[in-house]
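# Observations on the three-dimensional arrangement
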Amino acid sequence: MTGKVVVITGATSGIGKVAAEKLAGMGARMVIVARDRSRGAATLDGLRSINGSAKHTIHYADLSRLAEMRRVAAEIAAAEPRIDVLINNAGALFGSRHLTPDGLELTFATNHLAYFVVSLGLLDRLRASAPSRVINTSSDAHEKATLDFDDLQSEKAYHGSLGNTLRYGGPGFKVYALSKLCNILFTRELARRLEGIGVTVNCFHPGFVDTRFGDESGGLISWGLRAAKHLAISPEKGAETLVYLASSPEVADATGRYFFQCRPTSPTSQAQDDRAARRLWQESERLSSLVGVLPASPAS
Ligand SMILES: NC(=O)c1ccc[n+]([C@@H]2O[C@H](COP(=O)([O-])OP(=O)(O)OC[C@H]3O[C@@H](n4cnc5c(N)ncnc54)[C@H](OP(=O)(O)O)[C@@H]3O)[C@@H](O)[C@H]2O)c1
């Protein structure tokens, strides 16, 4: 990875932090996107102590807000003439429904739309650096999702039934699951639109990992996740597939795939629905006002 530039979101904690450290250790120059100033500064210090010769940099943004997603992508694009790897990894789960200032449901905005907006904002740099890679952190939680295009902002879903609450610890999990399904559909559609130009796009499930994930979700779900964490794998183990996808020559040509434990695997049939992937793309374009930035096919 020496000489490669890797942009990563959600690198101040958990899976993203370990992956950033490993990739820096392999020689990459890391460009991290952080929300929290003190965790951001500590992460940057850590990267500099691992590999001080690479000029790692940091950009701050709250990736739940459209203006921040766009600004940070523009800032990075202006600062970095080339980007070899983009890792969309920041994510969270919320026990109750919140709206962002853009009127979007918070999980959908943070976990899906930020991946979409940041990727499109850095597209020219990724294209110019081909062969380059985009990696999206998804989850096997997508298996529990129901994709309802009439309720992408989860107005109905958050009013989950008692059954959902008992089964998943609350409707927040179903909403999170939807965002992780969106990660896979987005991966497929972006891969399709970029086919043949040397920019690959893949996603992965890290396993159930002992990170800060869920600590701030609130309610029953935080309690449940905390209780279950003694069964979780370490962040080092959880970051293995991410590091593999970012660095291994074995996956240089793989694109549009979903990985688990460094191997491609099949997500649910819903996550392989290309019509749904196209529709999600159109909805995401509309919601983020990025219509037509990357056409469905080079001719269109
Ligand atoms: N842990 C698991 O078992 C598991 C399983 C499957 C998938 N995943 C996925 O793995 C990814 C990383 O999660 P993790 O387990 O490493 O959790 P984590 O320790 O909570 O890390 C989440 C990262 O995302 C950042 N983030 C969250 N909201 C943000 C926002 N609005 N703006 C900017 N950054 C934001 C956090 O920044 P701060 O430091 O500012 O909070 C942190 O760096 C997520 O996409 C998650 O869905 C996790």
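Above this text is the structure in question.
Residues numbered from 1 in each chain as written. Predicted model: local features only at pLDDT ≥ 70, side-chain atom pairs only at ≥ 80, totals over all residues. Heavy atoms only, no water.

Looking only at helices and strands, the protein has eleven helices and eight strands in total. In terms of overall dimensions, the protein is globule-like: its C-alpha atoms have a radius of gyration of 18 Å, near the 19 Å expected for 300 residues. Burial statistics for the protein: of 300 residues in total, 55% are counted as buried. Across the protein, every contact between residues at least 6 apart in sequence was considered, and the portion connecting residues at least 24 apart equals 76%. Roughly 12,800 Å² of accessible area belongs to the protein as shown, and the carbon and sulfur atoms make up 51% of that amount. In the protein, 35 positive and 30 negative side-chain charges are present, and the distance between their average locations comes to 2 Å. (Helix = DSSP H or I, 4+ residues; strand = E, 2+ residues; numbered from the N terminus. Rg over C-alpha atoms; globule rule 2.2 N^0.38 Å. Buried < 20%, exposed > 50% of the residue type's maximum accessible area, 1.4 Å probe, protein only. Contact = heavy atoms within 4.5 Å. Areas by Shrake-Rupley, 256 points an atom, 1.4 Å probe, with all protein chains shown as cover. Lys, Arg positive; Asp, Glu negative; His and termini not counted. Charge placed at Lys NZ, Arg CZ, Asp CG, Glu CD.)

Spatially, eight strands are ordered β3-β2-β1-β4-β5-β6-β7-β8 in an open sheet, and the strand pairing comes out mixed. Since the sheet does not close on itself, it has two edges, and those belong to β3 (57-60) and β8 (263-265), each with one partner. Neighbour-to-neighbour, the strand axes of this sheet turn through a mean angle of 25°, independent of strand direction. Packed on one face of the sheet, helix α1 (residues 14-25) meets β1 (5-9), β2 (29-34) and β4 (85-88) and runs near 170° to β1. Here helix α3 (residues 66-79) sits on the sheet and contacts β1, β2 and β3; the angle it forms with β3, its principal contact strand, is near 155°. (Pairing = 2+ DSSP bridges. Axes fitted to C-alpha atoms, helices over the stretch in contact; angles between N-to-C directions.)

A few words now on the site of the ligand. Taken together, 31 residues are adjacent to the ligand, and Thr12, Ser13, Arg39, Tyr176 and Thr211 come closest. Measuring from an oxygen atom of the ligand, one finds a side-chain N or O atom of Tyr176 at 2.6 Å. Measuring from an oxygen atom of the ligand, one finds a side-chain N or O atom of Thr211 at 2.7 Å. Compared with its free state, where it exposes 890 Å², the ligand has 96% of that area covered by protein. Partitioning the shell around the ligand into residue classes produces eleven nonpolar, 14 polar and six charged. (Near = heavy atom within 4 Å. Polar contact = N/O pair within 3.5 Å; in protein donor to acceptor, adjacent residues only side chain to side chain. Nonpolar A, V, L, I, M, F, W, Y, C, P; charged D, E, K, R; others polar.)

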